[in-house]
2 protein chains.
Amino acid sequence: MTAKKIWTLKSIAKELGVSNATVSNAFNRPDQLSKKRREEILASCRKLGYSGPNKAAQSLRKGQFNIAALVLPDSVEYMITDPVASSFVKGVSSVLEKNKVNLLLFSGVSDSIDSVADFVDGFICYGSPRNSALIEQLKLTDKKVVTADFDIDRKASVGIDNQQAAYEIAKLAIKTKDDDVAILGLRIIDSQLTSRVYDLPELDLHASISHQRLQGYRRAIAELGVNFREDRLWNIPESNHHYALIAAKEALSSSPRPNVLLCMSDTIALAALKEINAMGLKIPQDIRVVGFDGIEEATRSTPPLTTIHQHSEVKGNKAAELFISRATDTITIPYYIESGKSC
Amino acid sequence: MTAKKIWTLKSIAKELGVSNATVSNAFNRPDQLSKKRREEILASCRKLGYSGPNKAAQSLRKGQFNIAALVLPDSVEYMITDPVASSFVKGVSSVLEKNKVNLLLFSGVSDSIDSVADFVDGFICYGSPRNSALIEQLKLTDKKVVTADFDIDRKASVGIDNQQAAYEIAKLAIKTKDDDVAILGLRIIDSQLTSRVYDLPELDLHASISHQRLQGYRRAIAELGVNFREDRLWNIPESNHHYALIAAKEALSSSPRPNVLLCMSDTIALAALKEINAMGLKIPQDIRVVGFDGIEEATRSTPPLTTIHQHSEVKGNKAAELFISRATDTITIPYYIESGKSC
DNA sequence: CTGTTAGCGCATTCAC
DNA sequence: GTGAATGCGCTAACAG
């Protein structure tokens, strides 16, 4: 058994008795040599087992890598099981795949984008990364940057009108001014704990989608003349069943029991539904619940969830298209209300 | 506003009045120079905005990239929303992140691994890629290869004993020899259609986890003396709700109606549950259903699903550990039966 | 259409 | 500790 020969552009050129420029052109610039010559060379290369110019060297030379880093809000492991994030990734990947750009998953808790900045063409940033230092770095980098569900000055971005959507769904959920409303919020404050929020900090967080949604809820509450008790706002650190269930139990066992639950994600709302069902309460007679996102599981729950459907996959598509086209537009994506049976 | 200076090792060395070897050593080989000198240099670099040697050039030089390609069974967009695959990715990413290795998502329908082979350290392959040409290429590559849920000769791999697991859950689901069993199979044949399977091809597919599970079911069926009708096997091309529902409807409307459904994934089983509930049948009195995988949603269904819990995330951990350690072991991961209420 | 050459940015070796 | 030299594998410009 002989060791497999590892060819390089230079060695294969010598083997074929042509100049290395010719081999390079055969692979990269068809117009630079006759069709016949090119076919011959490519055929010989294939026969010898040379699959083309080394991609790493090519990238170093050209400064183009065909890799997009997808910056997730949190560590990869926390995000990948979130159906909303998954849909977004799906949308991104489908467009990137078509354009032969590879997808690198990048954690939002990384120290610095420097660890990858030298070998990616740019960043697609889904939500505000937990490590806010990354945001500053993204502002400064010369690489392409596209953001989704948040903004960086003068960079391309996609998103929905969170405030308006939250407003609309709240108007649907709240029926009278005597309703007792509780809000199960997502990443309202920078805390890893599930807890009530008594004081909202006046941070940059104002730009976050959670705060926009909160403003939307508040607008509806004010407009309907409901008396919203400020101790009726919960913070849930991650959109997962575990944390959501804790908050839901706390809210549902508070007294008097709220009869309207505004949830900032479907995952949260589904946890609430489960708890409400377990308590033997009737939805929507005893208590009304609305979600946000429009994940698939929400159409299969009992009862099906009334929620904002926000086309996460399309959002991903658009983000990737902006990335590919190097445009710097701000795209607002439409949403619709998924009318379930939960309110 | 002045353009930001882009430093290179060489230019920064000149600026600092030291040799470029010294700068390189300051970043990469602390033992090669005094601590004091090193700190000085690093501090100056930080001040000037040089964040260290260019990663792309470093990689080309060293032949090490700190990127692992995760080869998915199908296109990225099809897989990312599958909760089982997501858990696996989660497990992989958590270990890679700790080792500062980046994760590149690679489609199982790509033409060739050549498009990335030159700039990754190797491949973690989750399930058999739809494009089987990739398997041949993976056999030949000099890069690291770890497989999960299938085998490539003499490469590292992780998985569970699918046959035994399927056998055990089938034994649980089938109560008497007069039971009428239907199997909702996953990727049993190479077809994009949801349909009955009348003839099983004798392909390499024998090595696939689906065929191992099928053998496990068959062993239980034979042992219990059940008369299994060969037209009671369905193929579902992807583990998603849509396809699964089609198969479930077909199976449940066949006559006589089966009273035991062996499902090769939880997603399939959940679709079946939904249909059964919609038909007004009682589980497990009228019909018993078992799944496979142990996804979280299966614990929240009505009724909770009886299934094989297979620690997908741990599987991902192990795969990544094999990758990092360059070991070539075959690891078999334990599973357990999640006793729900569906059988 | 072909061959030569100078880098892309770096790591490593070797003599000093 | 230094500085020069070589090469990782390739592309693009240029002269022929």
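Remember, predicted model here, so these are calculated numbers, not experimental data. (Residues numbered from 1 in each chain as written. Chains lettered and ligands numbered in written order. Predicted model: local features only at pLDDT ≥ 70, side-chain atom pairs only at ≥ 80, totals over all residues. Heavy atoms only, no water.)

Some words on the overall build of chain A
For step 1, the next point in the chain: Helix and strand counts for chain A come out as 13 helices and 13 strands.
For step 2, the next point in the chain: Expected size for 343 residues packed as a compact globule is a radius of gyration near 20 Å; at 26 Å, chain A overshoots this value by more than 25%.
For step 3, the next point in the chain: In terms of overall dimensions, chain A has a C-alpha envelope of 90 × 40 × 35 Å along the principal axes.
For step 4, the next point in the chain: Expressed as a percentage of its 343 residues, the buried residues of chain A come to 53%.
For step 5, the next point in the chain: Sequence-distant contacts, at least 24 apart, represent 71% of the contacts inside chain A between residues at least 6 apart.
For step 6, the next point in the chain: For chain A, the computed accessible surface area is about 15500 Å², with 49% contributed by carbon and sulfur atoms.
For step 7, the next point in the chain: Side chains of chain A carry 43 positive and 41 negative charges; the gap between the two charge centres is 10 Å. (Helix = DSSP H or I, 4+ residues; strand = E, 2+ residues; numbered from the N terminus. Rg over C-alpha atoms; globule rule 2.2 N^0.38 Å. Buried < 20%, exposed > 50% of the residue type's maximum accessible area, 1.4 Å probe, protein only. Contact = heavy atoms within 4.5 Å. Areas by Shrake-Rupley, 256 points an atom, 1.4 Å probe, with all protein chains shown as cover. Lys, Arg positive; Asp, Glu negative; His and termini not counted. Charge placed at Lys NZ, Arg CZ, Asp CG, Glu CD.)

With respect to the relation of the copies chain A and chain B
For step 1, the next point in the chain: Superposing chain A onto chain B takes a rotation of 180° combined with a translation of 0.0 Å along the rotation axis, leaving an RMSD of 0.1 Å. Such values leave the two copies arranged in the relation of a two-fold axis. Distance from the rotation axis, computed per C-alpha, reaches its smallest value in chain A at Leu104(A): 2.2 Å. (Least-squares fit on C-alpha atoms with pLDDT ≥ 70 in both.)

Considerations on the sheet that holds strand 7 (residues 195-196) of chain A
Residue and element names in this part refer to chain A.
For step 1, the next point in the chain: Read across the open sheet, the five strands follow the order 7-8-6-9-10; overall the sheet is mixed. Each end of this open sheet is capped by a strand with a single partner; those strands are strand 7 and strand 10 (288-290).
For step 2, the next point in the chain: Examined bridge by bridge, strand 6 (residues 181-186) and strand 8 (residues 233-236) share four bridges and lie parallel to one another. From the neighbouring strand, Ile 183 faces strand 8, where its bridge partner is Leu 233.
For step 3, the next point in the chain: Lying on the sheet, helix 11 (residues 241-252) is in contact with strand 6, strand 7, strand 8 and strand 9 (260-263); it crosses strand 8 at an angle near 165°. (Pairing = 2+ DSSP bridges. Axes fitted to C-alpha atoms, helices over the stretch in contact; angles between N-to-C directions.)

Overview of helix 13 (residues 312-325) of chain B
Counting along an α-helix, one turn takes 3.6 residues, and residues three or four places apart therefore face a common direction.
Residue and element names in this part refer to chain B.
For step 1, the next point in the chain: Taking 1.5 Å as the rise per residue, helix 13 with 14 residues should run 20 Å; its terminal C-alpha atoms sit 20 Å apart, in good agreement.
For step 2, the next point in the chain: Inspection of helix 13 places Ser 312, Lys 315, Gly 316, Asn 317, Ala 319, Ala 320, Leu 322 and Phe 323 among the buried residues, and these make up the whole buried set.
For step 3, the next point in the chain: Elements that come into contact with the buried residues of helix 13 comprise strand 1 (67-71), helix 6 (83-98), strand 3 (122-126), strand 4 (144-148), strand 5 (156-159) and strand 12 (330-332).
For step 4, the next point in the chain: Positive phi shows up at Arg 326, right after helix 13, with a value of about 60°. (Expected span 1.5 Å × (residues − 1).)

Examining the packing of helix 6 of chain B against helix 13 of chain B
Residue and element names in this part refer to chain B.
For step 1, the next point in the chain: At a closest axis distance of 7 Å, the pairing of helix 6 and helix 13 adopts a crossing angle of 40°. Of the possible angle classes, the one that applies to helix 6 and helix 13 is oblique. Crossing of helix 6 against helix 13: the hand is right-handed. Across the interface between the two elements, Val 84, Ser 87, Phe 88, Lys 90, Gly 91, Val 92, Ser 94, Val 95 and Leu 96 of helix 6 pack against Ser 312, Glu 313, Lys 315, Gly 316, Asn 317, Ala 319, Ala 320, Glu 321, Phe 323 and Ile 324 of helix 13.
For step 2, the next point in the chain: Tallied by class, residues from the contact of helix 6 with helix 13 come to nine nonpolar, six polar and four charged. (Parallel < 35°, antiparallel > 145°, perpendicular 65-115°, else oblique. Left-handed = near helix turned anticlockwise from the far one by under 90°. Nonpolar A, V, L, I, M, F, W, Y, C, P; charged D, E, K, R; others polar.)

A few points about helix 6 (residues 83-98) of chain A
Residue and element names in this part refer to chain A.
For step 1, the next point in the chain: Helix length check: helix 6 (16 residues) gives 23 Å between terminal C-alpha atoms against 22 Å at 1.5 Å per residue, within 8%.
For step 2, the next point in the chain: Of all 16 residues making up helix 6, twelve are buried, and the element is well covered by its neighbours.
For step 3, the next point in the chain: The complete set of buried residues in helix 6 reads Val 84, Ala 85, Ser 86, Phe 88, Val 89, Lys 90, Gly 91, Val 92, Ser 93, Ser 94, Val 95 and Leu 96.
For step 4, the next point in the chain: Structurally, the start of helix 6 carries an N-cap: the backbone nitrogen of Val 84 is 3.0 Å from a side-chain oxygen of Asp 82. (Polar contact = N/O pair within 3.5 Å; in protein donor to acceptor, adjacent residues only side chain to side chain.)

Topic: the protein's contact with DNA strand D
For step 1, the next point in the chain: The immediate surroundings of DNA strand D are formed by 21 residues, with Leu9(A), Gln58(A), Arg61(A), Thr22(B) and Ser34(B) found nearest.
For step 2, the next point in the chain: Among the atoms of DNA strand D lying within 4 Å of the protein, the sugar-phosphate backbone contributes 74%.
For step 3, the next point in the chain: Within the side chain of Ser24(A), a nitrogen or oxygen atom sits 2.8 Å from a phosphate oxygen of DNA strand D.
For step 4, the next point in the chain: Arg61(B) places a polar side-chain atom, nitrogen or oxygen, 3.1 Å from a base nitrogen of DNA strand D. (Near = heavy atom within 4 Å.)

Overview of the interface of chain A and chain B
For step 1, the next point in the chain: Between chain A and chain B, the contact holds 44 residues from the first and 44 residues from the second.
For step 2, the next point in the chain: Summed over the shared surface of chain A and chain B, the number is two salt bridges.
For step 3, the next point in the chain: Put simply, Glu297(B) and Arg300(A) hold a salt bridge, and the shortest N to O gap is 2.9 Å.
For step 4, the next point in the chain: Summed over the shared surface of chain A and chain B, the result is eight residue pairs in polar contact (both at pLDDT 80 or more).
For step 5, the next point in the chain: Where the side of chain A that touches chain B is concerned, the elements lending two or more residues are helix 4 (55-62), helix 5 (76-79), helix 6, strand 2 (102-106) and helix 7 (114-117) of chain A.
For step 6, the next point in the chain: Counted by class, the side of chain A that touches chain B contains 18 nonpolar, 13 polar and 13 charged residues. (Salt bridge = Lys/Arg side-chain N within 4 Å of Asp/Glu carboxyl O.)

Comments concerning the packing of helix 11 of chain A against helix 12 (residues 266-278) of chain A
Residue and element names in this part refer to chain A.
For step 1, the next point in the chain: Contact geometry of helix 11 with helix 12 gives a least axis separation of 8 Å together with a crossing angle of 50°. What the angle tells us is that helix 11 and helix 12 run oblique. In the crossing of helix 11 with helix 12, the sense of the turn from one axis to the other is right-handed. Contacts between helix 11 and helix 12 involve His 241, Ala 244, Leu 245, Ala 248, Lys 249 and Leu 252 from the first element and Thr 267, Ile 268, Ala 271, Ala 272, Lys 274, Glu 275 and Ile 276 from the second.

Concerning the protein's contact with DNA strand C
For step 1, the next point in the chain: Around DNA strand C, the structure places 21 residues, and the nearest of them are Ser19(A), Ser34(A), Arg37(A), Leu9(B) and Arg61(B).
For step 2, the next point in the chain: Counting only the atoms of DNA strand C within 4 Å of the protein, the fraction contributed by sugar and phosphate is 69%.
For step 3, the next point in the chain: Taking Arg37(A), its side chain carries an N or O atom lying 2.3 Å from a phosphate oxygen of DNA strand C.
For step 4, the next point in the chain: In this structure, a phosphate oxygen belonging to DNA strand C sits 2.7 Å away from a side-chain N or O atom of Gln58(B).
For step 5, the next point in the chain: The residue makeup of the surface near DNA strand C, split by class, is eight nonpolar, nine polar and four charged.

Focus on the environment of Asp114(B)
All names here are of chain B.
For step 1, the next point in the chain: In this structure, Asp 114 sits in helix 7 (residues 114-117).
For step 2, the next point in the chain: On the accessibility criterion, Asp 114 (32% relative accessible area) is partly exposed.
For step 3, the next point in the chain: Along the backbone, Asp 114 and Gly 63 are 51 residues apart, and their C-alpha atoms lie at a distance of 16 Å.

Focus: the domain arrangement of chain A
For step 1, the next point in the chain: Under the domain assignment, chain A is made up of domain 1 (9-53), domain 2 (62-159) and domain 3 (162-311 + 333-338).
For step 2, the next point in the chain: Distance between the C-alpha centres of domain 1 of chain A and domain 2 of chain A: 36 Å. (Domains from an automatic or database assignment.)

Some remarks on the pattern of salt bridges
Residue and element names in this part refer to chain A.
For step 1, the next point in the chain: Here the structure, examined in full by the defined rule, presents 36 salt bridges over all chains.
For step 2, the next point in the chain: In this structure, Asp 190 engages Arg 130 in a salt bridge whose closest nitrogen and oxygen atoms are separated by 3.8 Å. Of this pair, Asp 190 sits in the loop between strand 6 and strand 7 while Arg 130 sits in the loop between strand 3 (122-126) and helix 8 (133-140), and the two are 60 residues apart along the sequence.
For step 3, the next point in the chain: We classify Asp 190 as exposed; its relative accessible area is 68%.
For step 4, the next point in the chain: In this structure Arg 130 comes out as partly exposed when scored by relative accessible area, which is 29%.

Side note on the packing of aromatic side chains
For step 1, the next point in the chain: Taken as a whole, this structure holds four aromatic pairs over all chains when the rule is applied.
For step 2, the next point in the chain: Look at Phe27(A) and Tyr50(A): their rings are 5.7 Å apart centre to centre, the planes differ by 85°, and that puts the pair in the edge-to-face class. On the criterion of sequence distance, the pair formed by Phe27(A) in helix 2 (residues 20-28) and Tyr50(A) in the loop between helix 3 (35-48) and helix 4 is long-range, its members being 23 residues apart.
For step 3, the next point in the chain: Taking the relative accessible area as the measure of exposure, Tyr50(A) reaches 6% and is therefore buried.
For step 4, the next point in the chain: Measuring from ring centre to ring centre gives 4.3 Å for Phe88(B) and Tyr126(B), while their planes differ by 20°; the resulting arrangement is stacked. Of this pair, Phe88(B) sits in helix 6 while Tyr126(B) sits in strand 3, and the two are 38 residues apart along the sequence.
For step 5, the next point in the chain: Above the face of the Tyr167(A) ring, Arg219(A) is positioned so that its terminal group lies 4.0 Å from the ring centre. (Phe/Tyr/Trp six-rings, centres within 6.5 Å; stacked < 30°, edge-to-face > 60°. Lys NZ or Arg CZ within 6 Å of the ring centre and 35° of its normal.)

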